[in-house]
There are 4 protein chains.
Amino acid sequence: MLNDVNGGQSDIRKKLENIVEGAVFSGIIQFLILASAVAFVLETEESFDKYETHFHIIDWGFFVLFTAEYILRIYTAPVKKDFIFSFFGIVDLLAILPSLVLIPGFRVLRVLRFLRVFRIFKATRFILAVDRMIDALGEVKRELLALVILSALFVYLAACGIYFFERGTQEEAFGSIPDAMWWAIVTLTTIGYGDVYPMTTGGKIFTAFVALVGVGLIAIPSGLLASVLTKARVEEELSEEDEK
Amino acid sequence: MLNDVNGGQSDIRKKLENIVEGAVFSGIIQFLILASAVAFVLETEESFDKYETHFHIIDWGFFVLFTAEYILRIYTAPVKKDFIFSFFGIVDLLAILPSLVLIPGFRVLRVLRFLRVFRIFKATRFILAVDRMIDALGEVKRELLALVILSALFVYLAACGIYFFERGTQEEAFGSIPDAMWWAIVTLTTIGYGDVYPMTTGGKIFTAFVALVGVGLIAIPSGLLASVLTKARVEEELSEEDEK
Amino acid sequence: MLNDVNGGQSDIRKKLENIVEGAVFSGIIQFLILASAVAFVLETEESFDKYETHFHIIDWGFFVLFTAEYILRIYTAPVKKDFIFSFFGIVDLLAILPSLVLIPGFRVLRVLRFLRVFRIFKATRFILAVDRMIDALGEVKRELLALVILSALFVYLAACGIYFFERGTQEEAFGSIPDAMWWAIVTLTTIGYGDVYPMTTGGKIFTAFVALVGVGLIAIPSGLLASVLTKARVEEELSEEDEK
Amino acid sequence: MLNDVNGGQSDIRKKLENIVEGAVFSGIIQFLILASAVAFVLETEESFDKYETHFHIIDWGFFVLFTAEYILRIYTAPVKKDFIFSFFGIVDLLAILPSLVLIPGFRVLRVLRFLRVFRIFKATRFILAVDRMIDALGEVKRELLALVILSALFVYLAACGIYFFERGTQEEAFGSIPDAMWWAIVTLTTIGYGDVYPMTTGGKIFTAFVALVGVGLIAIPSGLLASVLTKARVEEELSEEDEK
């Protein structure tokens, strides 16, 4: 009879699991995540300060809904531990938990709610397109790592160089190498905010050199990705031809 | 006899249709569209205010010409409804109609004239090159959609992050997440106007990270396009070889 | 006897032609062109104003040398007309002629000397690498033309849009569509000087959309070029394999 | 017996060489290089001025360690000259030597310590990924050289052009061609700091043209790299298929 009860419970769990993992439930949750993200964004807008109480109620609504979902997911998970300590399980907990904190000083943790948006990946994970791109990136991950190291090295050298040229003239903007690194990042990514730029002739010539190398560095990931994606497509093509 | 008249009308319609769809008529219309776009642009220039009456006459001339063309196109269309509710039929109407409005408050609708330029696509539609590019984009449309979602997600996360770092220091520029999103767009596209940029050390380190990921994100569409265009060209090549 | 003289003259012409077309003469001329370009650049520098007379002498030296070269090239050209009306013949003339003008008002034409640098192409013309790139560009010239038309159209639409959003707030920067086009160019190429940028919420949202499409547009030439260069390389590969 | 001693010494040298060339020693040195780079960066930070003596001690520590390593490397090198005059041998010396200089005026040479970071390449040299990229770059080195020449030519022509348009209006920013070259570099790399930008209508139209060509130029290295990397990957693919 105990077995029977377990069986009944297990049946309910099974049915609920099917619902939770189904497209309809998933779609509703996706919509709620987007809605909570929009609410989170608007809440920070000063012009909406007068609706503070409304936002408070909306926040509590989302808290209740997502807590219910979290409990449901634990209940329906075949192995509870696996869910709780999975990436999405932790994101879920981090996104709910801080709302519980009533100690004023820790209210700041509520900003962790924004983490919830990561769960969008759960949906996109099943989109074939993302998988293909991740596969492509995976194939060149050693090249990408080498590129990151080279870029870091180049930022360091560019910062040392500009520090040498500009520290005498611009005490504030290039007064230390960490300051110069900010310039290096802004220049090499070609953002160029305009808050820091070289003013000495030497610094300008050095920047010309750095900028040209930077443009070359930026070309590398694009070229790498093109090569690996092309290979994947040509492979598909060839295997299709072989089948014929 | 009635049949005869219809036949005669149909003949005229047929002849006119051939003229309207012909290269000469199409070329003239293309030229008029460009001319009206140039007139529209110059009209807004303050230094041409003294020629206001001239522009007024030119506008009326274009209005008469394009209205005549619109009526002609309806008349010559084999199925009138198909033309009126087609994309170009609606663009044509939206570009003429507002000029008719005499009520002063609605004169602002006349800016819709700029829509006329969309009709350039009618000509380019037949250029093989554009077709090939659209085909290529069509093949990676799921990847592009995934990329747009990922970018939107990244803009959201970058805005949340910089809001956390900078709101204390720069109340005006980073006072809310929508404000921070403006920064995220300007930074991730590497435009970097310089109206908003981080000032705290934390914000700068965060920006360095965001900028590097941003440069990587920008590399993806270029790589995707390269792969799909290369595949198309290699396919052509192989099929040419097979024919030999 | 007259024939003999002609033969002798022809011999000298032939020998001179061999010298003029040879690698040594060509190398010296290349060096002189670079030197005259450097002199032209430095001459404009205010801090070198005290060396004005030196620059004057250098200019005259270059004038004499390049005039001598021009006469020599005409003399040694198998068909004189062909050289005089060739691209490099005209560049040569335009680069020398203005120096002769003694009328003060026309001295400004001397800036045409900078055209001389185009002759560097004469050397690079024979570099295989440039030829290969020009071949590749030639193969996609219709796509590139379509891209230029699309970009121009997009600049027009972006300018019309931002003019609608910003003209009320920023009378000076967005007061007319030509002004707005300047913004559109600076934004779509991701330069972002920071002299003009949207300030209204509507303008910022519109810019976000424009910037994202702009980043996509920039990805197209890179992808096109990659595809056509890859095809050229794979073709080479295949033909090499066939030979084996 | 002398032979024996030499044999013994040689044995020790051999053993030490194995240790020096081993993964553990190499890892420790890599870590020390990174640590010394971080120390070098932080030392310039004004807020750490109070820890000056600590940094002094740390510097001496690194000096002793790297000097010991340098002596060890010379001792264990099979052919001493080869190491001393190798790239890494010279970098090692340049990074240590200046610390010895006690004459105050030459203390500035101590900045050469930053060169030490180049030794990171020693480790990455063995990473296959970098080798593959260098191979790819080597195959298009003639195209890249042609591209550098074309870019330099374009910077020159852009600078001459903007100088012509803007020198009358902006005496300070475009007062000479070298000044205009700074603008050309900042614009063509799409950095756009915003310190210099055209203000005349002619200058703006010229900039629009220059910027569009600049965006095209930037697309070339990415396309080149994609083509050569793709070829390498397709080759691998084909040779794998042949083996089957």
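Just so you know, the residues in each chain are numbered from 1, in the order the chain's sequence is written. Following the order in which they are written, the chains are lettered starting with A and the ligands numbered starting with 1. For this predicted model, a pLDDT threshold of at least 70 governs which residues receive local features, and a threshold of 80 or more governs which side-chain atom pairs are given and counted, while totals over whole chains, interfaces and linings are taken from all residues.

A. Molecular detail of the overall build of chain A. Helix numbering and strand numbering both begin at the N terminus, where a helix is a DSSP run of H or I of at least 4 residues and a strand a DSSP run of E of at least 2. In terms of helices and strands, chain A carries 10 helices and 0 strands. In chain A, the succession of α and β elements from N to C terminus is α-α-α-α-α-α-α-α-α-α. Put plainly, a residue is buried at 20 or more neighbouring C-beta atoms within 10 Å of its own, exposed at 12 or fewer, and partly exposed in between, counting only other residues' C-beta atoms, which are placed from the backbone. By residue count, 30% of the 244 residues in chain A fall in the buried class.

B. Seen up close, helix α9 (residues 177-188) of chain C. Residue and element names in this part refer to chain C. One less than the residue count of a helix, multiplied by 1.5 Å, gives the span that helix is expected to have. With 12 residues, α9 extends 16 Å from end C-alpha to end C-alpha; this agrees with the ideal 16 Å at 1.5 Å per step. Most of α9 is tucked away: 11 of the 12 residues are buried. Those residues of α9 that fall on the buried side of the exposure criterion are Ile177, Asp179, Ala180, Met181, Trp182, Trp183, Ala184, Ile185, Val186, Thr187 and Leu188.

C. View of the interface of chain A and chain D. Opposite the 36 residues of chain A that make contact, chain D presents 33 residues. Contributions of two or more residues to the side of chain A that touches chain D are made by α8 (141-166), α9 (177-188) and α10 (201-243) of chain A. Of all the elements, α10(A) adds the most residues to the side of chain A that touches chain D, at 18 residues. A breakdown of the residues in the side of chain A that touches chain D according to their chemical character gives 20 nonpolar, 11 polar and 5 charged. This entry defines residue contacts through backbone-placed C-beta atoms, with two residues in contact when those atoms are within 7 Å. Gly falls in the polar group here, along with every residue not listed as nonpolar (Ala, Val, Leu, Ile, Met, Phe, Trp, Tyr, Cys, Pro) or charged (Asp, Glu, Lys, Arg).

D. Quick peek at the interface of chain D and chain C. Residue-level contacts link 36 residues of chain D with 33 residues of chain C. Elements represented by at least two residues in the side of chain D that touches chain C include exactly α8 (141-166), α9 (177-188) and α10 (201-243) of chain D. Across the side of chain D that touches chain C, the residue classes break down as 20 nonpolar, 11 polar and 5 charged.

E. Region of the structure containing the relation of the copies chain A and chain D. Aligned on chain D, chain A shows an RMSD of 0.1 Å; the corresponding rotation is 89 degrees and the shift along the axis is 0.0 Å. As the rotation angle and translation indicate, the two copies are arranged about a four-fold axis. Little of the interface of chain A is mirrored in chain D, where only 19% of its interface residues are also at the interface. Least squares is the method for superposing the copies, and the C-alpha atoms it fits come from residues with pLDDT of at least 70 in both.

F. Looking closely at the relation of the copies chain D and chain C. Aligned on chain C, chain D shows an RMSD of 0.1 Å; the corresponding rotation is 90 degrees and the shift along the axis is 0.0 Å. When the interface residues of chain D are mapped onto chain C, a mere 19% of them again lie at the interface, so each copy presents a different face.

G. The packing of helix α2 (residues 23-43) of chain D against helix α3 (residues 52-76) of chain D, seen in detail. All names here are of chain D. Where α2 meets α3, the axes come as close as 11 Å, and the angle between the chain directions of the two elements is 150 degrees. The angle between α2 and α3 places the two elements in the roughly antiparallel class. For the pair α2 and α3, the sense of crossing is left-handed. Contacts between α2 and α3 involve Ile29, Leu32, Ser36, Ala39 and Glu43 from the first element and Phe55, Ile58, Phe62, Leu65 and Glu69 from the second. Within the contact of α2 with α3, the residues separate by chemical class into 7 nonpolar, 1 polar and 2 charged. Geometry is summarised by axes, namely lines fitted to C-alpha atoms with helices restricted to the contacting stretch, and by angles between N-to-C directions that run from 0 to 180 degrees. Each angle receives one of four descriptions, namely roughly parallel if under 35 degrees, roughly antiparallel if over 145, roughly perpendicular if within 65 to 115, and oblique otherwise. Left-handed describes a crossing in which the near helix is turned anticlockwise from the far one by less than a right angle; the clockwise case is right-handed.

H. Structural view of the environment of Ile29(C). Position of Ile29(C) relative to the elements: it lies in helix α2 (residues 23-43). Residues Ile29(C) and Ile149(C), 120 residues apart in the sequence, show an inter-C-alpha distance of 40 Å.

I. Up close: unusual backbone geometry. At Thr190(B), a position not held by glycine, the phi torsion is positive, near 60 degrees. One can find Thr190(B) in the loop between α9 (177-188) and α10 (201-243).

J. Region of interest: the confidence of the model for chain A. Residues and elements named next belong to chain A. The predictor reports its confidence for every residue as pLDDT, a score running from 0 up to 100. When pLDDT is averaged along chain A, the result is 82, and 86% of the positions lie at 70 or above. Within chain A, helix α6 (residues 120-124) has the poorest average pLDDT of any element, 62, and α9 the best, 94. Predicted as a complex, the structure gets a pTM of 0.88 and an ipTM equal to 0.86.

K. Structural context of the environment of Gln30(A). Note that Gln30(A) resides in helix α2 (residues 23-43). In this structure, the C-alpha to C-alpha distance between Gln30(A) and Pro198(A), residues 168 residues apart in sequence, is 48 Å.

L. Quick look at helix α3 (residues 52-76) of chain C. Here α3(C) is 25 residues long and its end C-alpha atoms lie 36 Å apart, about the 36 Å a rise of 1.5 Å per residue gives. Burial in α3(C) covers these residues: Phe62(C), Phe66(C) and Arg73(C).

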